[in-house]
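These are the residues of each chain, in order.
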Amino acid sequence: MQRFSQLFRELDQTTRTSEKLAALVRYFREADDADAVWALHFLLGRRGRRPIKTTLLRDWVAEESSYPIWLVEECYDKVGDLAETLALLLEGRHSCRPSEGSDPTEAIEVPPLQETPGGAGLSETASLANVGGSLGELAQPSASGSRSQGGCNVDAEAFRELQRPLTPSLSPDGGEGVRQDGRGAANVHFPLTQPISEMETFHEVITKHLLPLAKLSEPEQRELLLRTLRAHDQTGRFLFLKLLTGGFRMGASKILVIRALAEVAGLSRAVMEHRLMSKWEPTAADFRRLLDTDQTNRDPAQPYPFYLASPIEQNVDPITDLSNWQAEWKWDGIRAQLIRRDGQSILWSRGEELVTHGYPEIGEAAAALPDGTVLDGEILAWRNDAPLPFTDLQKRLGRKNVSTKIRQQVPVIFIAYDLLESDKTDIRQNLLADRRRQLETTIEQAAKSFQQLPSVRPPEIQGELFAEHKITIAEPGFPIRLSPLVEASDMDALAQRRTESRSRGTEGIMLKRRDSAYGVGRERGAWWKWKIDPYTVDAVLIAAQPGHGKRAGLFTDYTFGIWRDDELVSFAKAYSGLTAEEIREVDEWVRTNTTGRHGPVRTVNPELVFELAFEGIQESSRHKSGIALRFPRIARWRKDKPVTEADRIENLRALLNHS
Amino acid sequence: MDLLQVTDRGLWCQAGDFHIDPWRGVDRALITHAHADHARAGSRHYLCSTPCAGILRERLGQKISVDAIPYGERKTINGVTVSFHPAGHLLGAAQIRVEHRGEIWVVSGDYKTQPDPTCAPFEPVRCNTFVTESTFGLPVYHWPDPQTVIADLHQWWQHNRERDRTSVVFAYSLGKAQRILAQLDGEAGPILVHPAIESLLPHYEAEGIRFPKTQTATRETLRETAGKALVIAPPAADDSALVRAAGDVSTAFASGWMAVRGMRRWRAADRGFVMSDHADWRGLNDAIAATGASRVLVTHGYTQPMVRWLREKGLDADELATSFRGEGNEE
Ligand SMILES: [Zn+2]
Ligand SMILES: [Zn+2]
């Protein structure tokens, strides 16, 4: 456990990616395979079912620390992370005291004020040390601190109890080591600082203390949990609670973890990610298999780095003569690379995340591509020869199992705009004009052979079966399409065509140099995106709630209202766009302008106006206004605008009809 | 009628016709300490503790009219007896004791119960009504031993020196910065302080506080000492040209807020050192208990949970609505 705690501290104590990466590499090299594989499991955010209900966990920690539930919740509200809240509460509660003093309230039971005639109750030179009781220790700045064991009153019996090995046979009928009343454990006072867990390895902590929880009855869970928490030091308690509550990211992104593991194995990041997508269990054997370099050298999953376009800013216009440029629509989907190699179809998203399973119709259709083909393009939700709003595509995000129903509700296609590998050859250095010609031929031929692949036709019409869900039939035809060119004689004409973007469901225009190779990353010069401007609206802050994670404790999640007649109706939530300074300012303002509390949400005086930028608008039952914005974000704080000048709902509704 | 009450100008004692830490100009202002949310310009006469006077002038201007009395000394104002008692918050910080016709109130200002080599330790004063701050009035705030924190800080500094990196600690310019500086090992490497912090050092030295040798942080000194120095700067100096001049830096915040991981990450500093000039949950509870007060008025921070907690413990507790900001600008 100590090595894992050390990794956590190293990751937590730096903001430098290079240092985090180095810490991860060191860990994966040094840790035992059996431990490292569990670390990998949690670092990648994999999780099982929560073994203990969150409310029970909260209640037990409240009992253990003897704070009322409302105070625990108040703390959670400020800290923003359950595991951290509970760990902090236990820490404050159980640092050793010289006297029994487990109840801080006892400090308050002091005799009534005895008035010394004409003088203060205590001499002017009194220090806290003289006040006695729990104050005594505070005045001692001793280096040993208040947390050393020295001053602790270790209950010998309780300590033996602690050392007794946990019986794997914790039986529901109240076997050895299990207290049936469920209360007994709370009455035993022994120090929480005894670091017995340091002797235990990380995988032992998980297999002996964490995993068994799921199989136990509630009183047994409570018993085992509290015993584990008592046995850990502060970091250990925090980490254990983190593992228990899930979502453990430890300040290292998934990508970084994969990079580290790839480095340890001496493999490319993409190959490592592909391996991690395969089935593996947190066992030492599987960990060795993940790192194995004896497997085939060239992994068929290996993608190429994506080339990214640079934005054309309004006044800096890099293109005057259009003759050497190819124009396409800028699609509003998920950038992806579609690979067909060795009889396998692999779909990578731009974050180099494998998404093959999320869009099976694309993978199936890719079987019609010749072996050794790699396409660059975009995944889009698509119907009747036009893209569906991004919100529809979102319904397909992050799904592991894609049902026939969802495939019919939200059909997807892959719209291809570049060819990176053809006939097993990397052709990225060829000119765009040539690649485009080859791409057109490739797709045309694939579409033809697709018709002859009986097994990969889209699902048959099943409309009647799902009649109540108003199902329309999946998009017929070959779901790998060619991104069409936008024809225009010059920049003025192209600017004219760009105004069609919104009605076509695109984000603007892409411009690519015909004589350019396929670049790497954000190299400027060959690819430009000429986006249409986002919409904006002036809205009034009507409610706020504290953020979680890195913005914990500050009011950073805002709800905005817009005028309908003479009332403000909610229509958007936004979390980002303000500077750190502005966030503080708004946070303080919220605290002094609260008009009501509804759980963590505070309604506020309608006084502040913000300009929100957004990408689109749609009907919604979530907000009182009946509409919702797409990608709303705060463009700026309109300190100059009075509330009366905020926008009216009619203005937004007009956009709705327009788009 | 309460001995002290909140008006639109601040905490007012009608019997003595004076204000404590007023947020608008008044005729006579008693000041607990020189932090901006407690000591504001615009009053005609100020009264504070002796060690506070110099800093108060430094912050509000040399022309203000200030009277100062030593800790513990009584002064009568219109028949009301007042005295200043160490609050342990920073140099010169005081709790103000107000006594009239046998009733005693103590206004804590800001305080901490942990040791601090740059100021007199918190002194509990018995009273009927205690006006307490509650900046960190939640049980998640639990301060580690300050000597451990200073040792961690030295270790971090050494780690950075080994990597040729300048260490920059952001700490509030009055109080925290000097508290850290006074405990630094001057032999470990060059120590640079931001001018806003440096200008306050003579007031500390006049009170007998010793500091290791320092240099003013300027573009030149930062460049000369790059990779070795520890720089203490106020939080507002984050991202300033001054810090950029230091080249490769590792940054840290020293504040009670750093006890919460989310806060640390929000600050985007490499390190967060948990060191506060306010009392933690335990310190607040202990200090309240030590006053023996039956009535507690809570201000400055997490007032509502603190009030509820104290009430559930059987104390007569209420929130006192003040304009002290508390939510950490001086932390
Ligand atoms: Zn203060
Ligand atoms: Zn204050």
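The shown structure was predicted, so the numbers you read here are calculated from the model rather than taken from an experiment.

**Focus: the overall build of chain A**
And then number 1: Looking only at helices and strands, chain A has 21 helices and 20 strands in total.
And then number 2: Looking at chain A residue by residue over its 659 residues, the buried ones come to 52%.
And then number 3: On chain A, roughly 30200 Å² of surface is accessible, and the fraction owed to carbon and sulfur atoms is 49%.

**A closer look at the overall build of chain B**
And then number 1: Secondary structure assignment for chain B yields ten helices and 19 strands.
And then number 2: The burial tally for chain B puts 64% of its 331 residues in the buried class.
And then number 3: Put simply, of all contacts in chain B between residues at least 6 apart along the chain, 59% involve residues at least 24 apart.
And then number 4: For chain B, the accessible surface area stands at approximately 11100 Å², while carbon and sulfur atoms represent 44% of it.

**Here's the deal with the nonpolar core**
And then number 1: Counting residues in hydrophobic clusters, the biggest one holds 161 residues, and the most contacted among them are Leu24, Phe28, Leu40 and Phe202 of chain A together with Leu56, Tyr141 and Ile232 of chain B.
And then number 2: In this structure, this core is formed jointly by two domains, domain 1 (5–140 + 278–330) and domain 2 (146–273) of chain B, each of which donates at least three residues.
And then number 3: Apart from the residues lying within four places of it in its own chain, the contact partners of phenylalanine 202 of chain A are Met1, Phe4, Tyr27, Asp35, Trp38, Ala39, Phe42 and Leu243 of chain A.

**What to know about the pattern of salt bridges**
Residues and elements named next belong to chain A.
And then number 1: Counted according to the given criterion, the structure contains 51 salt bridges over all chains.
And then number 2: With a shortest N-O distance of 3.7 Å, glutamate 74 and lysine 78 are connected by a salt bridge. Of the two residues, glutamate 74 and lysine 78 are both situated in helix H5 (residues 69–79); the distance of four residues between them amounts to about one turn of the helix.
And then number 3: Residue glutamate 74 is classed as partly exposed on the basis of its relative accessible area, which comes to 22%.
And then number 4: Between arginine 237 and glutamate 91 there is a salt bridge, and its shortest N-O distance comes to 3.3 Å. Of the two residues, arginine 237 sits in helix H11 (residues 234–245) while glutamate 91 sits in helix H6 (residues 82–94), which places them 146 residues apart along the sequence.
And then number 5: Owing to a relative accessible area of 3%, arginine 237 belongs among the buried residues under this scheme.

**Thoughts on helix H13 (residues 269–277) of chain A**
And then number 1: Taken as a whole, H13 of chain A has its buried residues at Ala270, Val271, Met272, Glu273, Arg275 and Leu276 of chain A.
And then number 2: Check the buried side of H13 of chain A and you find it contacts helix H3 (33–43), helix H12 (254–265), helix H14 (284–291) and strand E4 (344–349) of chain A.

**Some words on the coordination of the zinc ion (ligand 2)**
Residues and elements named next belong to chain B.
And then number 1: Every protein donor of the zinc ion (ligand 2) is accounted for by Asp37 (OD), His38 (NE2), Asp110 (OD) and His300 (NE2), and the metal-donor separations fall at 2.1 to 2.5 Å.
And then number 2: For the zinc ion (ligand 2), the four donor atoms in the first shell make angles of 87 to 161° at the metal, a pattern classed as irregular.
And then number 3: Read in sequence order, the donor residues coordinating the zinc ion (ligand 2) give the pattern D-H-x71-D-x189-H.
And then number 4: The distance between the zinc ion (ligand 2) and the zinc ion (ligand 1) comes to 3.6 Å, and aspartate 110 binds to both of them. Here histidine 38 is found in the loop between strand E4 (28–30) and strand E5 (45–49), whereas its partner aspartate 110 is found in the loop between strand E10 (103–107) and strand E11 (129–134), with 72 residues between them in sequence. Summarising the burial analysis for this pair, histidine 38 and aspartate 110 share the class buried.

**Details of the sheet that holds strand E11 (residues 527–531) of chain A**
All names here are of chain A.
And then number 1: Taken in spatial order, the four strands line up as E1-E11-E10-E2 in an open sheet, and their pairing is mixed. The strands lining the two open edges of the sheet, one partner per strand, are strand E1 (310–311) and strand E2 (325–329).
And then number 2: Helix-sheet contacts for helix H19 (residues 491–498) involve E2, strand E10 (508–513) and E11, and the interaxial angle to E11 is about 55°.

**Observations concerning the packing of H3 of chain A against H14 of chain A**
Helices that pack against each other are described as a pair by the angle of their axes relative to one another and the distance between those axes.
Residue and element names in this part refer to chain A.
And then number 1: Running from N to C, H3 and H14 cross one another at 75°; their axes reach a closest spacing of 8 Å. Comparing the axis directions of H3 and H14 gives the class roughly perpendicular. Two secondary-structure elements touch here, H3 through Asp33, Ala34, Ala36, Val37 and Leu40 and H14 through Ala284, Phe287, Arg288 and Leu290.
And then number 2: Here the residues of the contact of H3 with H14 are counted per class, giving seven nonpolar, no polar and two charged.

**Digging into the packing of helix H4 (residues 54–65) of chain A against H5 of chain A**
All names here are of chain A.
And then number 1: One way to put it is that H4 packs onto H5 with a least axis distance of 9 Å and a crossing angle of 115°. By the criterion of interaxial angle, the relationship of H4 to H5 is roughly perpendicular. The way H4 lies across H5 gives a crossing that is right-handed. The segment H4 lies against H5, with Arg58, Asp59 and Ala62 engaging Ile69, Val72 and Glu73.
And then number 2: Looking at the contact of H4 with H5, its residues break down into three nonpolar, no polar and three charged.

**Observations regarding the environment of tyrosine 76 of chain A**
All names here are of chain A.
And then number 1: In this fold, tyrosine 76 is placed in helix H5.
And then number 2: Taking the C-alpha atoms as reference, tyrosine 76 lies 10.0 Å from leucine 89; in sequence the two are 13 residues apart.
And then number 3: Among all residues touching tyrosine 76, those that are not within four sequence positions of it are Asp81, Leu82, Thr85 and His548.

**A few points about the pairing of strand E15 (residues 594–598) of chain A**
Within a regular beta strand, the side chains point alternately toward one face of the sheet and then the other, so they alternate between its two faces.
Residue and element names in this part refer to chain A.
And then number 1: As judged from the four bridges shared by E15 and strand E16 (residues 601–604), these two strands associate in the antiparallel manner. Pairing of arginine 597 across the sheet is with arginine 602, part of E16.
And then number 2: Hairpin connection from E15 to E16: two residues lie between these consecutive antiparallel strands, with glycine 599 at a positive phi of about 60°.

**Here's the deal with the layout of surface pockets**
Residues and elements named next belong to chain A.
And then number 1: Each pocket or cavity is described by its volume, and for the second largest pocket that value is around 1000 Å³.
And then number 2: The wall of the second largest pocket is formed by 30 residues, among which Lys254, Met277, Glu353, Leu354 and Lys400 lie closest to the centre.
And then number 3: Counting only elements with at least two residues in the lining of the second largest pocket, the list comes to H12 and H13.
And then number 4: Counted by class, the lining of the second largest pocket contains eleven nonpolar, nine polar and ten charged residues.

**As for the pairing of strand E7 (residues 412–422) of chain A**
Residues and elements named next belong to chain A.
And then number 1: Most of E7 sits inside the fold, with eleven of its eleven residues counted as buried.
And then number 2: Note: strand E5 (residues 373–383) against E7, eight bridges, orientation antiparallel. Bridged to isoleucine 379 within E7 is phenylalanine 414.
And then number 3: Pairing between E7 and strand E9 (residues 480–482): three bridges, direction parallel. Counted as the bridge partner of isoleucine 415 is arginine 481 from E9.
And then number 4: In this structure, E7 lies alongside strand E8 (residues 425–426), joined through two bridges in antiparallel fashion. Its bridge partner lying in E8, glutamate 421 is registered against aspartate 426.
And then number 5: In this antiparallel pair of consecutive strands, E7 and E8, the connection spans two residues, and aspartate 423 shows a positive phi of 50°.

**As for the confidence of the model for chain A**
Caution applies to low-pLDDT regions: their predicted coordinates should not be interpreted in detail.
All names here are of chain A.
And then number 1: Residues at a pLDDT of 70 or more form 76% of chain A, whose mean pLDDT is 76.
And then number 2: Every residue in residues 96–196 is under pLDDT 50, and counting partners more than four places away or in other chains gives 161 contacts.
And then number 3: The low-confidence segment residues 456–474 (pLDDT under 50) makes 25 contacts with residues lying over four places distant or belonging to another chain.

**Description of helix H20 (residues 580–592) of chain A**
And then number 1: When the terminal C-alpha atoms of H20 of chain A are compared, their 19 Å separation across 13 residues agrees well with the 18 Å that a helix rising 1.5 Å per residue should span.
And then number 2: Among all positions in H20 of chain A, only Ile583, Arg584, Val586, Asp587, Trp589, Val590 and Arg591 of chain A are buried.

**With respect to the side chain of serine 83 of chain B**
Residues and elements named next belong to chain B.
And then number 1: Note on placement: serine 83 falls in strand E8 (residues 80–86).
And then number 2: Relative accessible area serves as the criterion here: at 0%, serine 83 is assigned to the buried category.
And then number 3: In terms of polar contacts, serine 83 uses its side chain to reach the side chain of histidine 85, at 2.7 Å.
And then number 4: With near-sequence residues (within four places) excluded, serine 83 lies in contact with Gly72, Glu73, Arg74, Gln95, Ile96 and Arg97.

**Side note on the sheet that holds strand E19 (residues 316–319) of chain B**
All names here are of chain B.
And then number 1: Strand order in this open sheet of seven strands is E7-E8-E9-E10-E11-E18-E19, and the pairing throughout is mixed. At either end of the open sheet lies a strand with only one pairing partner, and these are strand E7 (75–77) and E19. Averaged over neighbouring strand pairs, the angle between their axes works out to 25° when direction is ignored.
And then number 2: The strands touched by helix H9 (residues 281–291) within the sheet are E11 and strand E18 (295–301), with E11 carrying the most contacts at an inclination of about 170°.

**Digging into the environment of arginine 16 of chain A**
And then number 1: Considering the arrangement of structural elements, one finds arginine 16 of chain A in the loop between helix H1 (2–12) and helix H2 (17–30).
And then number 2: Exposure remark for arginine 16 of chain A: the relative accessible area of 18% places this residue in the buried category.
And then number 3: If we ignore the near neighbours within four places in the chain, the residues touching arginine 16 of chain A are Arg165, Asp248, Val249, Ser250 and Asp270 of chain B.

**A look at unusual backbone geometry**
And then number 1: Residue asparagine 384 of chain A is not a glycine yet carries a positive backbone phi of 50°.
And then number 2: Along the chain, the position of asparagine 384 of chain A falls in the loop between E5 and strand E6 (386–387).
And then number 3: Positive phi, close to 45°, is recorded for aspartate 17 of chain B, a residue that is not glycine.
And then number 4: Its place among the elements puts aspartate 17 of chain B in the loop between strand E2 (11–13) and strand E3 (18–20).

About the thresholds
Residues numbered from 1 in each chain as written. Chains lettered and ligands numbered in written order. Predicted model: local features only at pLDDT ≥ 70, side-chain atom pairs only at ≥ 80, totals over all residues. Heavy atoms only, no water. Helix = DSSP H or I, 4+ residues; strand = E, 2+ residues; numbered from the N terminus. Buried < 20%, exposed > 50% of the residue type's maximum accessible area, 1.4 Å probe, protein only. Areas by Shrake-Rupley, 256 points an atom, 1.4 Å probe, with all protein chains shown as cover. Contact = heavy atoms within 4.5 Å. Core = buried A, V, L, I, M, F, W, Y, C linked by side-chain atoms within 4.5 Å. Domains from an automatic or database assignment. Salt bridge = Lys/Arg side-chain N within 4 Å of Asp/Glu carboxyl O. Donors = N, O, S within 2.8 Å, 3.2 Å for Na, K, Ca; no water. Tetrahedral: all angles 85-135°; square planar, octahedral: opposite > 155°, others 65-115°. Pairing = 2+ DSSP bridges. Axes fitted to C-alpha atoms, helices over the stretch in contact; angles between N-to-C directions. Parallel < 35°, antiparallel > 145°, perpendicular 65-115°, else oblique. Nonpolar A, V, L, I, M, F, W, Y, C, P; charged D, E, K, R; others polar. Left-handed = near helix turned anticlockwise from the far one by under 90°. 1 Å grid on protein atoms, 1.4 Å probe; cavity = no way out; pocket = protein on both sides within 12 Å on 5 of 7 lines; lining within 4 Å. Points joined across faces, edges and corners; volume = space filled by probe spheres on them. pLDDT = per-residue confidence, 0-100. Expected span 1.5 Å × (residues − 1). Polar contact = N/O pair within 3.5 Å; in protein donor to acceptor, adjacent residues only side chain to side chain.

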